[in-house]
8 protein chains.
Amino acid sequence: MNAKLPVEANTAHVDDIDRAIISVLHQNGRISYTDLAKEVELSRVAVQARINAMIENGTIERFTCVVNPEKLGITVSAFFNVEVEPQYLMQAADTLADEPEVTSLYHMTGPSKLHMHGLFRNNQEMESFLQNKLYALPGITSVDCQILIKRYKSRMGMKL
Amino acid sequence: MNAKLPVEANTAHVDDIDRAIISVLHQNGRISYTDLAKEVELSRVAVQARINAMIENGTIERFTCVVNPEKLGITVSAFFNVEVEPQYLMQAADTLADEPEVTSLYHMTGPSKLHMHGLFRNNQEMESFLQNKLYALPGITSVDCQILIKRYKSRMGMKL
Amino acid sequence: MNAKLPVEANTAHVDDIDRAIISVLHQNGRISYTDLAKEVELSRVAVQARINAMIENGTIERFTCVVNPEKLGITVSAFFNVEVEPQYLMQAADTLADEPEVTSLYHMTGPSKLHMHGLFRNNQEMESFLQNKLYALPGITSVDCQILIKRYKSRMGMKL
Amino acid sequence: MNAKLPVEANTAHVDDIDRAIISVLHQNGRISYTDLAKEVELSRVAVQARINAMIENGTIERFTCVVNPEKLGITVSAFFNVEVEPQYLMQAADTLADEPEVTSLYHMTGPSKLHMHGLFRNNQEMESFLQNKLYALPGITSVDCQILIKRYKSRMGMKL
Amino acid sequence: MNAKLPVEANTAHVDDIDRAIISVLHQNGRISYTDLAKEVELSRVAVQARINAMIENGTIERFTCVVNPEKLGITVSAFFNVEVEPQYLMQAADTLADEPEVTSLYHMTGPSKLHMHGLFRNNQEMESFLQNKLYALPGITSVDCQILIKRYKSRMGMKL
Amino acid sequence: MNAKLPVEANTAHVDDIDRAIISVLHQNGRISYTDLAKEVELSRVAVQARINAMIENGTIERFTCVVNPEKLGITVSAFFNVEVEPQYLMQAADTLADEPEVTSLYHMTGPSKLHMHGLFRNNQEMESFLQNKLYALPGITSVDCQILIKRYKSRMGMKL
Amino acid sequence: MNAKLPVEANTAHVDDIDRAIISVLHQNGRISYTDLAKEVELSRVAVQARINAMIENGTIERFTCVVNPEKLGITVSAFFNVEVEPQYLMQAADTLADEPEVTSLYHMTGPSKLHMHGLFRNNQEMESFLQNKLYALPGITSVDCQILIKRYKSRMGMKL
Amino acid sequence: MNAKLPVEANTAHVDDIDRAIISVLHQNGRISYTDLAKEVELSRVAVQARINAMIENGTIERFTCVVNPEKLGITVSAFFNVEVEPQYLMQAADTLADEPEVTSLYHMTGPSKLHMHGLFRNNQEMESFLQNKLYALPGITSVDCQILIKRYKSRMGMKL
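An unreviewed UniProt entry lists chain A under the name Lrp/AsnC family transcriptional regulator, from Paenibacillus hemerocallicola.

Here is the structure:
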């Protein structure tokens, strides 16, 4: 086996029953172990053991709730492509990752250094974020921001 | 009051205690009502009633689990900007929203018609998705796909 | 004189007193002729004659009121760069110029066929405009829309 | 009521009669109160009271005249996308907003920092504006200017 | 000799005296053979023979006069990048090359199919050219036109 | 008459006979006055007087010869879009205008500061020009160069 | 072991001695087995067995010679980004892969469908390739070609 | 002979037999001289003499082996367009050309300063290369990287 392959290192031994459990929890994260056990046709103890194992090896990162941002007065969902002078890139990424408005932050292929998603109550709050937080960072040279008009699909988690 | 304002219509009456409850559930979606009640200093019954109300009015959409895609052998996370001939846009959006590989799909401001995120086991699976599903749709004129190199932050849900 | 020069043909003989009158009317379009006459140190009759002449020769196109769109529930101000197949360009321009949401429409230098400005109550109304009116036109191949975040200056009319 | 919503705060209580009044004034800003009262089937006093209220709460910002720029020898109408180093953005916006050639200035979504419209007698005057005013500002890194070739529609004000 | 090299085939045997003659003619295309002979320190007959040889082998293509377009009422000098559907490219190039407004037309490296320069009396004439001639050609998919603002240098011919 | 119009100021009084003379000289810049007089059906003296007048008022700038660059070993014809920091723009334009390789240099509308055309013996000479002359100028931030592949039309001068 | 991982499937068991052998062969593909055996301090037989194994499992694809294209009269090295209508992509890729001028052809991330490299005797041959082969393919919508000016490094094969 | 033509200087006198020899060696770089001699119907001595001459004049640069990068655990093949401040361009090119991950590095026409190809074990190794080597170079202002998804053709060497 070639231990140098990082893909291998990051892959857990997830079998089809594990996938079935994840699938149920993905749809209903608060389902009782008893009901979940019935759904996957296993004992309650076995189900709990598998879940614990998946939490331990990092397959399941945590349980959470999906909230509708508009119900909380969050009306602006925006994507940002942030160009940073290369020597300031990591510093900017670290600072932006700590901002509560920033919900995700990636380094992607393509021409833009940082791909960022943020949520804001309204345009004024976003403008304030741009002026006071983003533009104030050292090394920021250009920001392209685009606003969500309509959401067709937004599935947390992933296909199994 | 101007009932025509959709922002108003979509906003629920979420007070600070509701926000505190959401905040705890966001960190731990499987917390027991008893423990949650202690954290927000309310009775178990009151907490449960508030959660039910927030589920009913759509503030809380569902409970779920956060899974690490790499542990399931998903090594490619990609963003797509999909240009579609205008008359085929809605049809393409509907079809793509049904694909299991597609995790989110938006109509954004800016030059690109559909902004899409997908998860794939590897480049071959992504190439097959492009060739057999995306390119095969009527009206697709151009696709820009970019792959995630490094994840700095990825928070499901949103600031409170 | 070279009558072929269209610039010449479109230029009225506007002297400095005319410019002073326009300047006052630009600031206060409902000023009484008496007050306006005082400001520019002319007789009321002369002022009225000059205004009539400027209306006749098209220098003054009309009098109007400046309304704050947000007070009327117009929260989205957007610019569109609309690409059209060349043979459909004029037809598209004519149709779009008739839409009430469209406030201005230009043919500019540069890569984009039509430069358009529109006002909308909210994102949903804009999305509906895009889907039902803009995308439905024959020959539309691509639309880039950008939304106003902050207005620094918006002066109707022009420098004198 | 959620007082935090800025949209709510900026919206005046404009009813259908107000809209009818605005509509008439928009077409003819110098109409007499008597004629206007007839058109909207109200008393002269009521019309004047409503107009005063709309001026007070900022719905009507001012009355003005629409001038044909070409009649005044303004032959070049240009749009500028101005890129500014983020830390100089507000300073540049403030300075540019004071220039008489600049008729509007916005912060938009998308890749460009400032979206500006200007009017000039001719190319030489625009070139002089670029060289002596715009390029001389600290932090300007790039300017894209495009010139109007043909105006299909230019409506001051907005749909009601 | 490697006859396959087209560079070789297109290169005439131009010596330093030929270059001196071209240099003088480039500055003054109507200089008399007598004066030119003096300048290059050759006999009148030798100069004439060399010029004839250079005309014959295509080194000198013709003699002409340089005209100032603005003096003839040509106020708009524009560059166009014209995208054409590949199968219509040659046909479009042939048609455009015959238009009197088109002064040069190239196939360049880079993303644009045809690089074209044109001269027009004014914006209206250019708009008419775009609408009636360019957009009417089969296969034209997009046109980017940019207008000259200021000419720093425009030397016909080339360095020697 | 509106003396402020620069178009007017730059326009000479060129009549149809002048245009006929220019047209002949444009095809054959070394034609004898006698032959030219015959072609336009004027006396030799009148033709010479008109040409002198057109030289004096700048309509005819000079007479020259058109040379085939490839015959002189010039194999690379390139267009450059040169981005310059705004404060260095005029200095860069002045320096570049003096370079013998540069045949034309413009300030255009659009995103690029300087539009330049150059002729080079080969790629090495162009690379040397880029490295040693263009990149060495203060304030140059980016250069886009494109090379001519095929010339469809290249007419010096202009339509009449 | 997760047999579904294609990375695993494509990876051979290449040890450090194999890498040393490849490294020598990469520098000198015609080295005798005897000399190669000395360099890696193995027996001639063992070296030959390892090379045969690497040829069998596809690690070594073949032996070849590196030729200087300019010595063969190949003066133009070009990269092409070829946009194809999605439904014609595979057909175009198959046809282009068979053309002798095409040396490599990839599907990349990013906005362009096919990334292609080609070698040509001169611009004319490249233009002919564009006109007669590339543009003639069904579904080609746009081609961006860029020409090599200077080669800093070109290493066949790869780091070990 | 026109010694100034660099194309001429770089072109060796390669005849059809030489091309046949190169063609065979290109397919099989380790073929024995005896077998090669049979294929091209020459004596073994003549073949060896011609190969030596082609090595001497630089037509054949070296013999090598073609390795499948995936078999060696190289899973990421990427193209980079690297923008460098002009005054740092040569320094950056020299440094990058020495990096083992960089397999080719060019100066191309078009907007990008350096066109680079690199091979990496995985995304992490590429990210580390970007962060620690590429971004750390003085003068790097922007990097566009794109990853290979599928290889249709990759022919080392060139058409004959």
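Next comes the rest of the write-up.
K.L.:
What exactly am I supposed to notice about the overall build of chain A here?
P.N.:
Within chain A one finds six helices and five strands. When the helices and strands of chain A are read in sequence order from the N terminus, they spell out α-α-α-α-β-β-α-β-β-α-β. Put simply, chain A has 160 residues, and 59% of those count as buried. Considering only contacts within chain A whose residues lie at least 6 apart along the sequence, 63% involve residues at least 24 apart. On chain A, roughly 6,500 Å² of surface is accessible, and the fraction owed to carbon and sulfur atoms is 49%.

K.L.:
What is the right way to read the interface of chain D and chain C from this model?
P.N.:
Interfaces are often sized by the amount of accessible area the parts lose when they come together. Across the boundary between the two partners, chain D contributes 74 residues, which contact 74 residues of chain C. Between chain D and chain C lies a buried interface of about 7,100 Å² when both sides are counted; carbon and sulfur atoms form 56% of it. The interface formed by chain D and chain C contains zero salt bridges. Going through the elements one at a time, helix H1 (6–10), helix H2 (16–27), strand S1 (60–67), helix H5 (89–97), strand S3 (102–108), strand S4 (114–120) and strand S5 (140–154) of chain D are the ones with two or more residues in the side of chain D that touches chain C. Examining the composition of the side of chain D that touches chain C, we find that nine residues originate from one element, S5(D), more than from any other. Of the residues belonging to the side of chain D that touches chain C, the class tally is 35 nonpolar, 23 polar and 16 charged.

K.L.:
I tried to follow the pattern of salt bridges on my own but got confused; where do I start?
P.N.:
Enumeration according to the criterion identifies 50 salt bridges over all chains in this entry. The salt bridge partner of Glu83(B) is Lys113(B), with a shortest N-O separation of 3.3 Å. Taken together, the residues span a long stretch of sequence, with Glu83(B) in strand S2 (residues 76–84) and Lys113(B) in the loop between strand S3 (102–108) and strand S4 (114–120) at a distance of 30 residues. Residues joined in a network through salt bridges with shared partners are Asp15(A), Asp18(A) and Arg50(A).

K.L.:
I tried to follow the relation of the copies chain D and chain C on my own but got confused; where do I start?
P.N.:
Between the two copies of the chain lies a relationship made up of a rotation around an axis and a movement along it. At an RMSD of 0.0 Å, chain D and chain C line up after a rotation of 180° and a shift of 0.0 Å along the axis. Taken together, the rotation and translation describe the operation of a two-fold axis. Residue by residue, 100% of the interface of chain D is reproduced at the interface of chain C, so both copies engage with the same surface.

K.L.:
Where do I start with the environment of Ile140(E) in this structure?
P.N.:
Note on placement: Ile140(E) falls in strand S5 (residues 140–154). By relative accessible area, which is 5% here, Ile140(E) ends up buried. Residues Ile140(E) and Val84(E), spaced 56 residues apart in sequence, show a C-alpha to C-alpha distance of 4.5 Å. The residues touching Ile140(E), leaving out its near neighbours within four places in the chain, are Pro86(C), Val82(E), Glu83(E), Val84(E), Ala92(E) and Leu134(E).

K.L.:
Can you help me understand the UniProt feature "domain: HTH asnC-type" (unreviewed entry) in chain A in this one?
P.N.:
As recorded in UniProt, the feature "domain: HTH asnC-type" (unreviewed entry) lies at residues 14–75 of chain A. Taken as a whole, residues 14–75 of chain A contains 53% helix and 13% strand, while its terminal C-alpha atoms sit 39 Å from one another.

K.L.:
Help me out: how do you make sense of helix H2 (residues 16–27) of chain C in this one?
P.N.:
For an α-helix, 3.6 residues make a turn, and residues three or four places apart therefore share a direction. Taking 1.5 Å of rise per residue, the twelve residues of H2(C) would be expected to cover 16 Å, and the 17 Å separating its terminal C-alpha atoms lies within 8% of that figure. Among the residues of H2(C), those classed as buried are Asp18(C), Arg19(C), Ile21(C), Ile22(C), Val24(C), Leu25(C) and His26(C). On its buried side, H2(C) packs onto helix H3 (33–40), helix H4 (44–56) and strand S1 (60–67) of chain C together with S1 of chain D. The opening residue of H2(C) is Asp15(C), an N-cap whose side-chain oxygen sits 3.1 Å from the backbone nitrogen of Ile17(C).

K.L.:
How should I be thinking about the relation of the copies chain B and chain A in this particular structure?
P.N.:
Each copy superposes on the other: chain B lies on chain A with an RMSD of 0.1 Å after a rotation of 180° and an axial shift of 0.0 Å. Most of the interface of chain B is mirrored in chain A, where 100% of its interface residues again form contacts.

K.L.:
Before we go on, may I ask you to explain the sheet that holds S5(E) in this structure?
P.N.:
By definition, the strands of a sheet pair up through backbone hydrogen bonds, in either a parallel or an antiparallel sense. The eight strands lie next to each other as S2(E)-S4(E)-S3(E)-S5(F)-S2(F)-S4(F)-S3(F)-S5(E), forming a closed barrel whose pairing is antiparallel. The sheet shows a mean angle of 35° between the axes of neighbouring strands, taken without regard to direction. Judged from the four bridges that link them, strand S3 (residues 102–108) of chain E and strand S4 (residues 114–120) of chain E form a sheet pairing that is antiparallel. Of the residues in S4(E), the one forming a bridge with Leu105(E) is Met116(E).

K.L.:
Any chance you could explain the side chain of Lys153(C) here in plain terms?
P.N.:
Along the chain, Lys153(C) falls in strand S5 (residues 140–154). Here Lys153(C) occupies a buried position and makes no salt bridge, while the nearest side chain of opposite charge, Asp98(D), is found at 6.3 Å. At a separation of 2.8 Å, a polar atom in the side chain of Lys153(C) contacts the main-chain carbonyl oxygen of Val102(D). The contacts of Lys153(C), once residues within four sequence positions are left out, are Leu96(D), Ala97(D), Asp98(D), Glu99(D), Val102(D), Thr103(D), Ser104(D), Leu105(D) and Tyr106(D).

K.L.:
What is the right way to look at the pairing of S1(D) in this model?
P.N.:
Along any regular strand, the residues point their side chains to alternate faces of the sheet. Burial analysis of S1(D) places six of its eight residues in the buried class, which makes it a mostly covered element. Of the strand pairs in this sheet, S1(C) and S1(D) are connected by seven bridges, and their pairing is antiparallel. Looking at S1(D), one finds that Thr64(C) is bridged to Thr64(D).

K.L.:
What am I meant to see in the domain arrangement of chain A here?
P.N.:
What the domain assignment lists for chain A is domain 1 (16–56) and domain 2 (69–147). Averaged C-alpha coordinates put domain 1 of chain A and domain 2 of chain A at centres separated by 37 Å.

K.L.:
Whenever I open this one, the sheet that holds S4(B) confuses me. Can you help?
P.N.:
With respect to topology, eight strands assemble into a closed barrel ordered S2(A)-S4(A)-S3(A)-S5(B)-S2(B)-S4(B)-S3(B)-S5(A), the strand pairing being antiparallel. With direction set aside, neighbouring strand axes in the sheet form an average angle of 35°. Pairing of S2(B) with S4(B), which is carried by seven bridges, proceeds in the antiparallel orientation. Following the sheet pairing, Val82(B) is matched in S4(B) by Leu114(B).

K.L.:
Please explain the pairing of S2(B) as it appears in this structure.
P.N.:
Residue and element names in this part refer to chain B. Burial within S2 is extensive, with eight of its nine residues counted as buried. Bridge count for S2 against strand S5 (residues 140–154) is seven bridges, and the pairing is antiparallel. Within S5, the position partnered with alanine 78 by the bridge is isoleucine 147.

K.L.:
Just to check I follow, could you spell out the packing of helix H2 (residues 16–27) of chain E against helix H3 (residues 33–40) of chain E for this structure?
P.N.:
A pair of packed helices is captured by two measures, namely the crossing angle of their axes and the spacing between those axes. Residue and element names in this part refer to chain E. Running from N to C, H2 and H3 cross one another at 130°; their axes reach a closest spacing of 10 Å. In terms of axis orientation, H2 runs oblique to H3. At the point where H2 passes H3, the crossing takes the right-handed sense. When H2 is examined against H3, the residues Ala20, Ile21, Val24 and Leu25 are found in contact with a partner set consisting of Leu36, Glu39 and Val40.

Procedures and definitions
- Residues numbered from 1 in each chain as written.
- Chains lettered and ligands numbered in written order.
- Predicted model: local features only at pLDDT ≥ 70, side-chain atom pairs only at ≥ 80, totals over all residues.
- Heavy atoms only, no water.
- Helix = DSSP H or I, 4+ residues; strand = E, 2+ residues; numbered from the N terminus.
- Buried < 20%, exposed > 50% of the residue type's maximum accessible area, 1.4 Å probe, protein only.
- Contact = heavy atoms within 4.5 Å.
- Areas by Shrake-Rupley, 256 points an atom, 1.4 Å probe, with all protein chains shown as cover.
- Buried area = accessible area lost by both parts, 1.4 Å probe.
- Salt bridge = Lys/Arg side-chain N within 4 Å of Asp/Glu carboxyl O.
- Nonpolar A, V, L, I, M, F, W, Y, C, P; charged D, E, K, R; others polar.
- Least-squares fit on C-alpha atoms with pLDDT ≥ 70 in both.
- UniProt positions renumbered as here; feature names shortened; annotations may be inferred.
- Expected span 1.5 Å × (residues − 1).
- Polar contact = N/O pair within 3.5 Å; in protein donor to acceptor, adjacent residues only side chain to side chain.
- Pairing = 2+ DSSP bridges.
- Axes fitted to C-alpha atoms, helices over the stretch in contact; angles between N-to-C directions.
- Lys, Arg positive; Asp, Glu negative; His and termini not counted.
- Domains from an automatic or database assignment.
- Parallel < 35°, antiparallel > 145°, perpendicular 65-115°, else oblique.
- Left-handed = near helix turned anticlockwise from the far one by under 90°.

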